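Tertiary structure, described
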Amino acid sequence: MGGPRDWEAYEPRRPGMIRRVLPMLLAFAVILGGLAYLGGDLRELLGTAPGSPRSAAATHRLYEETGPIDARCGTLPGNLDADARTSLKALAGCLDRMWADTLARAGIDYAPPEEVRLIAVPEAAACGIDDYDWAGIYCPDSRVVNVLVEDEPAFPMMFTLAHEYAHHVQEVSGIADQRGSEAFDEAWSRRLELQADCLAAATLRIATPRRLESLRGFAGHDSGAEDGAEAGYRQSHGSGASSAEWMRRGQEGGTVASCNTWGAPAERVS
(Lines give C-alpha, C1' and ligand atoms only; values in the text may rest on other atoms or scores of the structure.)
Protein backbone atom coordinates (compact mmCIF):
# COMPACT_ATOMS: atom_id res chain seq x y z
CA MET A 1 0.00 0.00 0.00
CA GLY A 2 1.42 3.31 -0.96
CA GLY A 3 1.65 6.23 1.39
CA PRO A 4 3.68 9.32 2.26
CA ARG A 5 6.48 7.20 3.69
CA ASP A 6 6.64 4.97 0.58
CA TRP A 7 7.67 7.66 -1.92
CA GLU A 8 10.47 6.70 -4.21
CA ALA A 9 13.30 9.15 -4.79
CA TYR A 10 12.09 9.96 -8.27
CA GLU A 11 8.53 10.75 -7.20
CA PRO A 12 7.56 14.42 -6.82
CA ARG A 13 7.21 15.57 -3.21
CA ARG A 14 5.52 18.93 -3.74
CA PRO A 15 2.01 17.79 -2.67
CA GLY A 16 3.39 16.53 0.65
CA MET A 17 5.32 19.70 1.31
CA ILE A 18 2.23 21.79 0.61
CA ARG A 19 0.18 19.67 2.96
CA ARG A 20 2.78 20.17 5.68
CA VAL A 21 3.44 23.89 5.22
CA LEU A 22 -0.07 25.10 4.39
CA PRO A 23 -1.51 24.55 7.88
CA MET A 24 1.39 26.47 9.39
CA LEU A 25 0.87 29.37 6.98
CA LEU A 26 -2.84 29.43 7.68
CA ALA A 27 -2.29 29.38 11.43
CA PHE A 28 0.21 32.23 11.16
CA ALA A 29 -2.23 34.26 9.07
CA VAL A 30 -5.00 33.65 11.59
CA ILE A 31 -2.77 34.80 14.44
CA LEU A 32 -1.78 37.98 12.63
CA GLY A 33 -5.33 38.73 11.64
CA GLY A 34 -6.56 38.02 15.12
CA LEU A 35 -4.03 40.33 16.72
CA ALA A 36 -4.93 43.09 14.30
CA TYR A 37 -8.64 42.60 14.89
CA LEU A 38 -8.38 42.08 18.63
CA GLY A 39 -5.72 44.69 19.27
CA GLY A 40 -8.16 46.92 21.10
CA ASP A 41 -9.46 43.98 23.13
CA LEU A 42 -5.92 42.95 23.98
CA ARG A 43 -5.11 46.45 25.23
CA GLU A 44 -8.36 46.35 27.17
CA LEU A 45 -7.38 43.02 28.72
CA LEU A 46 -3.97 44.38 29.68
CA GLY A 47 -5.52 47.57 31.07
CA THR A 48 -3.65 49.95 28.78
CA ALA A 49 -6.51 51.05 26.51
CA PRO A 50 -8.05 54.50 27.13
CA GLY A 51 -11.19 53.96 29.18
CA SER A 52 -10.18 50.53 30.40
CA PRO A 53 -11.71 49.90 33.85
CA ARG A 54 -8.62 47.82 34.59
CA SER A 55 -6.11 50.61 34.00
CA ALA A 56 -4.11 51.91 36.94
CA ALA A 57 -5.56 55.39 36.51
CA ALA A 58 -9.12 54.01 36.60
CA THR A 59 -8.52 51.88 39.70
CA HIS A 60 -6.47 54.36 41.71
CA ARG A 61 -6.89 54.06 45.47
CA LEU A 62 -8.04 57.67 45.77
CA TYR A 63 -11.42 56.60 44.39
CA GLU A 64 -11.98 53.90 47.00
CA GLU A 65 -10.26 55.31 50.07
CA THR A 66 -11.42 58.92 50.14
CA GLY A 67 -14.83 60.43 50.78
CA PRO A 68 -16.21 63.92 50.11
CA ILE A 69 -13.61 66.65 49.78
CA ASP A 70 -13.91 69.18 52.60
CA ALA A 71 -14.47 72.13 50.28
CA ARG A 72 -15.01 74.82 52.88
CA CYS A 73 -12.90 77.95 52.38
CA GLY A 74 -13.57 80.46 55.13
CA THR A 75 -10.71 82.76 54.18
CA LEU A 76 -12.21 83.91 50.88
CA PRO A 77 -13.15 87.61 50.92
CA GLY A 78 -16.82 88.53 50.81
CA ASN A 79 -16.36 90.36 47.53
CA LEU A 80 -14.35 88.04 45.32
CA ASP A 81 -14.04 90.62 42.56
CA ALA A 82 -12.66 93.44 44.70
CA ASP A 83 -9.12 92.11 44.38
CA ALA A 84 -8.67 89.03 42.24
CA ARG A 85 -5.16 88.35 43.51
CA THR A 86 -6.35 88.36 47.11
CA SER A 87 -9.13 85.91 46.24
CA LEU A 88 -6.73 83.64 44.35
CA LYS A 89 -4.18 83.59 47.16
CA ALA A 90 -6.87 82.77 49.70
CA LEU A 91 -8.18 79.97 47.50
CA ALA A 92 -4.69 78.53 47.02
CA GLY A 93 -4.34 78.15 50.79
CA CYS A 94 -7.69 76.38 50.97
CA LEU A 95 -6.83 74.06 48.09
CA ASP A 96 -3.61 73.02 49.82
CA ARG A 97 -5.59 72.13 52.95
CA MET A 98 -8.34 70.33 51.00
CA TRP A 99 -5.95 68.17 49.04
CA ALA A 100 -3.63 67.43 51.95
CA ASP A 101 -6.62 66.15 53.97
CA THR A 102 -8.06 64.17 51.05
CA LEU A 103 -4.83 62.46 50.01
CA ALA A 104 -3.96 61.67 53.63
CA ARG A 105 -7.05 59.43 53.84
CA ALA A 106 -5.47 57.26 51.13
CA GLY A 107 -2.06 57.33 52.79
CA ILE A 108 -0.58 59.64 50.17
CA ASP A 109 1.67 62.51 51.23
CA TYR A 110 0.66 65.81 49.71
CA ALA A 111 3.22 68.49 48.93
CA PRO A 112 1.98 71.92 47.79
CA PRO A 113 3.08 73.21 44.40
CA GLU A 114 6.60 74.55 44.45
CA GLU A 115 5.15 77.90 43.43
CA VAL A 116 1.84 79.48 42.48
CA ARG A 117 2.50 82.18 39.91
CA LEU A 118 -0.19 84.81 39.37
CA ILE A 119 1.12 86.31 36.16
CA ALA A 120 0.15 89.24 33.95
CA VAL A 121 1.50 87.83 30.67
CA PRO A 122 1.81 84.20 29.49
CA GLU A 123 5.53 84.61 28.87
CA ALA A 124 6.04 84.87 32.64
CA ALA A 125 4.93 81.28 33.21
CA ALA A 126 7.45 78.81 34.58
CA CYS A 127 6.83 76.67 31.52
CA GLY A 128 4.86 77.24 28.39
CA ILE A 129 4.17 76.46 24.80
CA ASP A 130 4.38 78.48 21.62
CA ASP A 131 0.62 78.98 21.69
CA TYR A 132 -0.11 81.41 24.52
CA ASP A 133 -3.88 81.14 24.24
CA TRP A 134 -4.43 79.76 27.74
CA ALA A 135 -5.69 81.02 31.09
CA GLY A 136 -3.55 78.74 33.22
CA ILE A 137 -0.91 76.07 32.90
CA TYR A 138 0.68 73.51 35.19
CA CYS A 139 4.36 72.62 34.87
CA PRO A 140 4.70 68.96 35.98
CA ASP A 141 8.49 68.94 35.95
CA SER A 142 8.89 71.93 38.27
CA ARG A 143 5.42 71.51 39.86
CA VAL A 144 4.52 75.16 39.39
CA VAL A 145 0.94 76.40 38.98
CA ASN A 146 0.54 79.42 36.69
CA VAL A 147 -2.64 81.49 36.38
CA LEU A 148 -3.05 84.46 34.07
CA VAL A 149 -4.58 87.36 36.04
CA GLU A 150 -6.61 89.67 33.85
CA ASP A 151 -9.05 92.52 34.35
CA GLU A 152 -12.18 90.41 34.62
CA PRO A 153 -14.42 88.87 37.33
CA ALA A 154 -12.40 86.72 39.68
CA PHE A 155 -14.32 83.46 39.49
CA PRO A 156 -13.13 82.23 36.06
CA MET A 157 -9.57 82.71 37.31
CA MET A 158 -10.46 80.90 40.54
CA PHE A 159 -11.77 77.96 38.55
CA THR A 160 -8.57 77.98 36.49
CA LEU A 161 -6.53 77.90 39.70
CA ALA A 162 -8.57 74.96 41.03
CA HIS A 163 -8.17 73.19 37.67
CA GLU A 164 -4.38 73.59 37.68
CA TYR A 165 -4.27 72.43 41.30
CA ALA A 166 -6.14 69.33 40.15
CA HIS A 167 -3.33 68.68 37.66
CA HIS A 168 -0.90 68.98 40.57
CA VAL A 169 -2.92 66.39 42.51
CA GLN A 170 -2.90 64.08 39.49
CA GLU A 171 0.89 64.39 39.44
CA VAL A 172 1.45 64.04 43.20
CA SER A 173 -0.88 61.05 43.53
CA GLY A 174 0.51 59.26 40.47
CA ILE A 175 -2.70 59.31 38.43
CA ALA A 176 -0.93 61.28 35.71
CA ASP A 177 1.90 58.73 35.64
CA GLN A 178 -0.37 55.88 34.57
CA ARG A 179 -0.11 56.70 30.89
CA GLY A 180 0.33 53.26 29.41
CA SER A 181 0.64 53.00 25.64
CA GLU A 182 -1.66 55.97 25.04
CA ALA A 183 0.76 58.48 26.59
CA PHE A 184 0.17 62.04 25.45
CA ASP A 185 -2.39 61.17 22.81
CA GLU A 186 -5.64 63.09 22.57
CA ALA A 187 -7.76 60.44 24.28
CA TRP A 188 -5.42 60.46 27.30
CA SER A 189 -5.32 64.27 27.33
CA ARG A 190 -9.11 64.60 27.30
CA ARG A 191 -9.47 62.29 30.27
CA LEU A 192 -6.79 64.20 32.16
CA GLU A 193 -8.33 67.61 31.44
CA LEU A 194 -11.94 66.61 32.05
CA GLN A 195 -10.95 65.04 35.36
CA ALA A 196 -9.28 68.32 36.32
CA ASP A 197 -12.52 70.17 35.48
CA CYS A 198 -14.45 67.75 37.67
CA LEU A 199 -12.03 67.98 40.61
CA ALA A 200 -12.01 71.78 40.35
CA ALA A 201 -15.80 71.79 40.62
CA ALA A 202 -15.65 69.45 43.61
CA THR A 203 -13.33 71.82 45.47
CA LEU A 204 -15.41 74.92 44.66
CA ARG A 205 -18.85 73.41 45.26
CA ILE A 206 -19.32 74.88 48.76
CA ALA A 207 -17.61 78.27 48.51
CA THR A 208 -19.04 79.35 45.14
CA PRO A 209 -21.97 77.10 44.14
CA ARG A 210 -23.95 79.67 42.13
CA ARG A 211 -20.97 80.95 40.21
CA LEU A 212 -19.97 77.37 39.52
CA GLU A 213 -23.41 76.60 38.11
CA SER A 214 -23.21 79.67 35.89
CA LEU A 215 -19.82 78.58 34.58
CA ARG A 216 -21.19 75.11 33.89
CA GLY A 217 -23.99 76.61 31.86
CA PHE A 218 -21.55 78.71 29.87
CA ALA A 219 -19.30 75.71 29.23
CA GLY A 220 -22.20 73.58 28.11
CA HIS A 221 -23.32 76.07 25.47
CA ASP A 222 -21.83 74.60 22.31
CA SER A 223 -22.88 76.19 19.03
CA GLY A 224 -21.17 73.45 17.03
CA ALA A 225 -19.22 75.99 14.92
CA GLU A 226 -15.47 75.69 15.45
CA ASP A 227 -12.40 77.16 13.88
CA GLY A 228 -9.14 75.24 13.75
CA ALA A 229 -7.94 76.36 17.18
CA GLU A 230 -11.24 75.50 18.84
CA ALA A 231 -11.33 72.09 17.18
CA GLY A 232 -7.80 71.39 18.43
CA TYR A 233 -8.72 72.48 21.94
CA ARG A 234 -11.75 70.20 21.88
CA GLN A 235 -9.61 67.25 20.82
CA SER A 236 -7.18 67.75 23.69
CA HIS A 237 -9.55 69.06 26.40
CA GLY A 238 -12.97 67.68 25.48
CA SER A 239 -16.14 69.38 24.30
CA GLY A 240 -17.97 72.05 26.24
CA ALA A 241 -20.79 69.59 26.85
CA SER A 242 -18.41 67.00 28.29
CA SER A 243 -16.74 69.63 30.45
CA ALA A 244 -20.09 70.80 31.80
CA GLU A 245 -21.13 67.23 32.54
CA TRP A 246 -17.97 66.42 34.47
CA MET A 247 -18.21 69.71 36.33
CA ARG A 248 -21.75 68.72 37.31
CA ARG A 249 -20.52 65.37 38.57
CA GLY A 250 -17.82 67.06 40.64
CA GLN A 251 -20.20 69.64 42.08
CA GLU A 252 -22.89 67.13 42.95
CA GLY A 253 -20.67 64.21 43.99
CA GLY A 254 -17.92 66.15 45.72
CA THR A 255 -15.55 63.16 45.70
CA VAL A 256 -12.54 62.05 43.73
CA ALA A 257 -14.48 58.92 42.81
CA SER A 258 -17.15 61.00 41.08
CA CYS A 259 -14.39 62.32 38.80
CA ASN A 260 -13.05 59.02 37.48
CA THR A 261 -12.83 59.90 33.79
CA TRP A 262 -10.30 57.12 33.17
CA GLY A 263 -12.83 54.31 33.22
CA ALA A 264 -15.60 56.22 31.44
CA PRO A 265 -16.82 55.24 27.95
CA ALA A 266 -15.33 57.21 25.07
CA GLU A 267 -18.55 59.08 24.37
CA ARG A 268 -18.48 60.63 27.84
CA VAL A 269 -14.99 62.08 27.34
CA SER A 270 -15.45 63.35 23.79
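Everything discussed here concerns the structure shown above.
Here is a short report on the structure shown in this document. (Residues numbered from 1 in each chain as written. Predicted model: local features only at pLDDT ≥ 70, side-chain atom pairs only at ≥ 80, totals over all residues. Heavy atoms only, no water.)

**Quick look at the overall build of the protein**
Using the following cut-off: Put simply, DSSP marks the helices as runs of H or I at least four residues long and the strands as runs of E at least two long, and each gets a number from the N terminus on. Only protein chains enter the calculation, and the probe is 1.4 Å; a residue is then buried if its accessible area is under 20% of its type maximum, exposed if over 50%, and partly exposed in between. We call two residues contacting when some pair of their heavy atoms lies within 4.5 Å.
For the protein, the helix and strand inventory stands at nine helices and three strands. Counted from the first residue to the last, the protein has its helices and strands arranged as α-α-α-α-β-β-β-α-α-α-α-α. Burial statistics for the protein: of 270 residues in total, 43% are counted as buried. Taking all contacts inside the protein whose residues are at least 6 apart in sequence as the whole, residues at least 24 apart take part in 71%.

**Notes on the pairing of strand 3 (residues 144-148)**
In plain terms, the rule: For two strands to be treated as a pair, DSSP must find no fewer than two bridges joining them.
Taken across its five residues, strand 3 has five buried, putting it largely inside the fold. Along strand 3, one buried face is formed by V144, N146 and L148 and the opposite face, lined by V145 and V147, is buried too. Where strand 1 (residues 115-119) and strand 3 come together, five bridges link them in parallel fashion. Note on strand 3: the bridge partner recorded for V116 is V145. Alignment of strand 2 (residues 136-139) against strand 3, held across four bridges, turns out to be antiparallel. Paired with C139 across the two strands is V144, which belongs to strand 3. Hairpin connection, strand 2 to strand 3: the antiparallel pair is bridged by four residues, and R143 has positive phi, about 55°.

**What about the sheet that holds strand 2?**
Stated formally: All axes here are fitted lines through C-alpha atoms, helices being fitted over the stretch that makes contact, and every angle between N-to-C directions spans 0 to 180 degrees.
Across the sheet, which stays open at both edges, the three strands sit in the order 1-3-2 with mixed pairing between neighbours. A strand with exactly one partner marks an edge of an open sheet, and here the two such strands are strand 1 and strand 2. Within the sheet, the average angular offset between the axes of one strand and its neighbour, ignoring direction, is 15°. The strands touched by helix 5 (residues 154-173) are strand 1, strand 2 and strand 3; relative to strand 3, the strand with the most contacts, the crossing angle is about 165°.

**Considerations on the state of the cysteines**
The cut-off we apply is this: When two cysteine sulfur atoms are found within 2.5 Å, that pair is recorded as a disulfide.
Summed over the entire model, instances satisfying the criterion amount to three disulfides. Note that C73 is cross-linked by a disulfide to C94, the S-S spacing being 2.0 Å. On the S-S bond that ties C73 to C94, the torsion sits near 90°, and the link is right-handed. Separated by 21 residues along the polypeptide, C73 in the loop between helix 3 (61-65) and helix 4 (84-105) and C94 in helix 4 bring together distant segments of the chain. C94 shares its class with C73; the two are buried. C198 shares a disulfide with C259; S-S distance 2.0 Å. Around the S-S axis, the bridge from C198 to C259 shows a dihedral of about -75° and counts as left-handed. Placement of the pair is C198 in helix 6 (residues 186-204) and C259 in the segment after helix 9 (240-253), with a sequence separation of 61 residues. Here C198 falls in the buried class, since its relative accessible area comes to 0%. Each disulfide of the protein joins two cysteines, and with those cysteines numbered along the sequence the arrangement is 1-2, 3-4, 5-6.

**With respect to unusual backbone geometry**
Here the phi dihedral of R143 falls at roughly 55°; this positive angle occurs in a residue that is not glycine. Along the chain, R143 turns up in the loop between strand 2 and strand 3.

**Some thoughts on the nonpolar core**
Quick note on the threshold: Put simply, a nonpolar core is a bunch of buried Ala, Val, Leu, Ile, Met, Phe, Trp, Tyr and Cys residues held in one set by side-chain atoms that sit within 4.5 Å of each other.
With 61 residues, the main nonpolar core has W99 and L161 as its most contacted residues. The set of elements that each furnish at least two residues to this core consists of helix 3, helix 4, strand 3, helix 5, helix 6, helix 7 (209-220) and helix 9. Residues in contact with W99, not counting those within four places in the same chain, are I69, Y110, Y165, V169, L199, T203 and V256.

**Quick look at the packing of helix 6 against helix 9**
Between two packed helices, both the angle of their axes relative to each other and the distance between the axes serve to describe the pair. Cut-off, in case you're wondering: Note on convention: near helix rotated counterclockwise from far helix by under a right angle means a left-handed crossing. Clockwise means right-handed.
Contact geometry for helix 6 and helix 9: axes closest at 7 Å, N-to-C directions at 40°. As for the relative orientation of helix 6 and helix 9, their crossing is right-handed in sense. From helix 6, L194, D197, C198, A201 and A202 reach across to helix 9, where they touch S242, S243, W246, M247, R249, G250 and Q251.

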